[in-house]
Amino acid sequence: MIVDCLGKRCPLPIIELAKALADKPIGFSLTLLSDDPASAPDLIAWARMTGNAAEAGELNTFQITKLTD
Amino acid sequence: MVSITPNFQSEPRLHEAARIALPHIFEAAWPDSSKLGIDSKSAALLLNEARETFASHLGIRSDEINFLGEPNLGFHLGLSGLISAGKRMVYSNVDRMEVFAIAENQPSEMLSVSKGGQIDFSGLTSSDVVSLQLCNRETGIIQAGRPENVNGLFVDATASGTRIGLPENWSTALWDSTSWAGPSGIGIFALSKKANWKNPLPHLDGRINPGPTSLPLIVASALAIDSWVADEKNLAAKISTINGDIRNYISSNIPDSDIAPGGADHLISASFLYVNAEQLVTALADKGYSVDSGSACSAANMQPSHVLAALGLLTQGNIRLTIHHATTFDDVKAFLEILSQTVTECRGAK
């Protein structure tokens, strides 16, 4: 699954990510695309705060894994 | 004149002592204090008194003090003046952007702070010129470490004001008059007698900055620092309690919040997940509360706060609160309820 947030400003990428994960099972992974400069620091903080995993990949690409409900 | 709008922005109102005296200061301090006329002599006396006042509150010699009409010029004077061939500039990733700008043109190394905002100064050498921020102006984090045995030490005291003293081995230091509720547009740049410093600005005589800096504003700032320091003795405990109250309230009443580690009692930074900071700050302003923000959407350059990012903290939905001497428990109680309500509204609007 790809959540495309290119061109969207903070906090929209994180809000759309949370919506996309809401009905998914634990262990579900997706790719988030975002070119917002706040996304790199904020995805790390989001993962820490919510207990999920986020990893920066290639340019504007983040691998997200749901680890908690 | 007392404003009824509770202000949690970083800029304080001019201290009452300075505000009342200001018209009289302008009447007395109009002449050029460097000339020989009768009026100039009395202006020179005022300037000397102001120097002595600052020297006693800042813990430096009065002849080490220079006044700046553009406070942030002090970053360039303080750092670039210490750097020469063979030296390396060392700074941290929570330093001010003004420091980053100076590092661009020098051999330099940026140190990364720990999660708690602390810098490890153990790897420094005797050819290093170090930038030391006593207190971070966004989060209030106080730097515990002190660089030892370095070539030069610039101290950024713009956020700490009179709250934290200089380390003994300081070379240059910078304060901003607004940190003691003095007028804006006045900086104090101190140059230690022991510093190996060369003026980085074009100059022909011994002057450090072109000047002239406004004498009335210098005198007003001296009045402010005297009164502010006296107030602080009585009000520091209140501010510390308010800081704890705000932190407790946010962490127990507003879910998905990320509060920066603290230090100085007058500063708090908190971020809220899924919140647009511009919307939050505007909604709070509509309800009568002024706050600052480090989020990208509220910044002129659309970049998130480099300080929050360096600390691994959430940069979206960020607000920064400054607790002033005039802040009351009632202001804070009412504000926190509005804040909680407004964060919920901002989240619901998505």
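Residues numbered from 1 in each chain as written. Chains lettered and ligands numbered in written order. Predicted model: local features only at pLDDT ≥ 70, side-chain atom pairs only at ≥ 80, totals over all residues.

J.: Explain the overall build of chain A here, please?
T.: On a plain count of helices and strands, chain A comes out with 2 helices and 4 strands. Along chain A, from the amino end to the carboxyl end, the secondary structure elements read β-α-β-α-β-β. Relative to the globule expectation of 11 Å for 69 residues, the C-alpha radius of gyration of chain A, 11 Å, shows essentially globular dimensions. Within chain A, the fraction of its 69 residues that count as buried is 30%. (Helix = DSSP H or I, 4+ residues; strand = E, 2+ residues; numbered from the N terminus. Rg over C-alpha atoms; globule rule 2.2 N^0.38 Å. Buried ≥ 20, exposed ≤ 12 C-beta atoms within 10 Å, placed from the backbone.)

J.: Would you mind going over the confidence of the model for chain B with me for this structure?
T.: Reading fine detail from the predicted coordinates is not recommended where pLDDT is low. Averaged over every residue, the pLDDT of chain B is 94; residues scoring 70 or more account for 98%. Overall fold confidence (pTM) sits at 0.94, and the ipTM for the predicted complex is 0.95. (pLDDT = per-residue confidence, 0-100.)

J.: Is there a simple way to think about the pairing of strand β10 (residues 318–322) of chain B in this case?
T.: Every regular strand shows the same layout, with side chains that alternate between the two sheet faces. With respect to burial, β10 of chain B is a largely interior element, 5 of its 5 residues being buried. Residues of β10 of chain B alternate between two faces, with Asn318, Arg320 and Thr322 of chain B on one and Ile319 and Leu321 of chain B on the opposite face, all of them buried.

J.: Explain the domain arrangement of chain B to me, please; I cannot follow it from the model alone.
T.: Where the parts come together, the accessible area they lose is often given as the size of the interface. Residues and elements named next belong to chain B. Annotation of chain B at the domain level lists domain 1 (16–228) and domain 2 (232–348). The C-alpha centroid of domain 2 is placed 28 Å from the C-alpha centroid of domain 1. Taken together, the 17 residues of domain 1 in the interface contact 18 residues of domain 2. Looking at the side of domain 1 that touches domain 2, its residues break down into 6 nonpolar, 8 polar and 3 charged. (Domains from an automatic or database assignment. Contact = placed C-beta atoms within 7 Å. Nonpolar A, V, L, I, M, F, W, Y, C, P; charged D, E, K, R; others polar.)

J.: Explain the environment of aspartate 42 of chain A to me, please; I cannot follow it from the model alone.
T.: Secondary-structure assignment places aspartate 42 of chain A in helix α2 (residues 39–50). As for aspartate 42 of chain A and isoleucine 14 of chain A, which are separated by 28 residues in sequence, their C-alpha atoms are 8.0 Å apart. Once you skip the residues sitting within four places of it in the chain, aspartate 42 of chain A turns out to touch Cys10 and Ile14 of chain A together with Leu314, Thr315 and Gln316 of chain B.

J.: Help me out: how do you make sense of the nonpolar core in this one?
T.: When a protein is soluble and globular, its nonpolar side chains tend to lie buried together. All names here are of chain B. With 105 residues, the main nonpolar core has Leu79, Val155, Ile218, Val219, Ala224, Val275 and Leu280 as its most contacted residues. With 13 residues, helix α5 (residues 215–253) is the largest single contributor of residues to this core. Here this core gathers at least three residues from each of two domains, domain 1 (16–228) and domain 2 (232–348). Residues contacting leucine 79, with those up to four places away along its chain left out, are Met89, Val99, Ile102, Val129, Ser131 and Phe154. (Core = buried A, V, L, I, M, F, W, Y, C linked by C-beta atoms within 7 Å.)

J.: How do you make sense of the sheet that holds strand β2 (residues 29–33) of chain A when you look at a structure like this?
T.: Consider a sheet: its strands pair through backbone hydrogen bonds, and that pairing is either parallel or antiparallel. All names here are of chain A. Taken in spatial order, the 4 strands line up as β1-β2-β4-β3 in an open sheet, and their pairing is mixed. Of all the strands in the sheet, the pair left with one neighbour each is β1 (2–4) and β3 (53–56). Across this sheet, the average inter-strand angle for adjacent strands is 25°, counted without regard to direction. Note: β2 against strand β4 (residues 61–65), 5 bridges, orientation antiparallel. Opposite threonine 31, over in β4, you have glutamine 63 as the bridge partner. (Pairing = 2+ DSSP bridges. Axes fitted to C-alpha atoms, helices over the stretch in contact; angles between N-to-C directions.)

J.: What exactly am I supposed to notice about unusual backbone geometry here?
T.: If a residue is not glycine, its phi is most likely negative; likewise, a peptide bond is most likely trans. A cis amide bond links cysteine 10 of chain A to the next residue, proline 11 of chain A, at an omega of 5°. Structurally, proline 11 of chain A is set in the loop between β1 and α1 (12–21). Unusually for a residue other than glycine, asparagine 149 of chain B sits at a positive phi of about 55°. Its location among the elements puts asparagine 149 of chain B in the loop between β4 (128–133) and β5 (152–156).

J.: Could you clarify how one ought to interpret α1 of chain A in this entry?
T.: Residues three or four positions apart in an α-helix share a direction because the helix packs 3.6 residues into each turn. Residue and element names in this part refer to chain A. Every buried residue of α1 is listed here: Pro13, Ile14, Leu17 and Leu21. The buried residues of α1 occupy an angular sector of 95° when projected down its axis, which confines them to one face. The inward-facing, buried residues of α1 contact β1, β2, α2 and β4. (Arc of directions from axis to C-beta.)

J.: It is not clear to me how the packing of helix α6 (residues 277–286) of chain B against helix α8 (residues 329–348) of chain B should be interpreted in this structure. Could you clarify?
T.: Two quantities define a packed helix pair, namely the angle between the helix axes and the distance between the axes. Residues and elements named next belong to chain B. Packing of α6 against α8 leaves a shortest axis separation of 10 Å and a crossing angle of 135°. Here α6 is positioned oblique relative to α8, judged by the angle of their axes. For the pair α6 and α8, the crossing hand works out as right-handed. Listed contacts from α8 to Gln279, Leu280, Ala283 and Leu284 of α6 are Ile338, Leu339, Thr342, Val343, Glu345 and Cys346. Split by residue class, the contact of α6 with α8 holds 7 nonpolar, 2 polar and 1 charged. (Parallel < 35°, antiparallel > 145°, perpendicular 65-115°, else oblique. Left-handed = near helix turned anticlockwise from the far one by under 90°.)

J.: Honestly, the sheet that holds strand β9 (residues 267–272) of chain B in this entry has me stumped. Any pointers?
T.: Residue and element names in this part refer to chain B. Here we have 3 strands laid out as an open sheet, ordered β8-β9-β10, and antiparallel in their pairing. The strands lining the two open edges of the sheet, one partner per strand, are β8 (257–259) and β10. For this sheet, the mean angle separating the axes of adjacent strands, direction not counted, is 20°. Note that β9 and β10 share 5 bridges and pair antiparallel. Of the residues in β10, the one forming a bridge with alanine 270 is isoleucine 319. Running over the sheet, α5 touches β8, β9 and β10 and is turned about 155° from β8.

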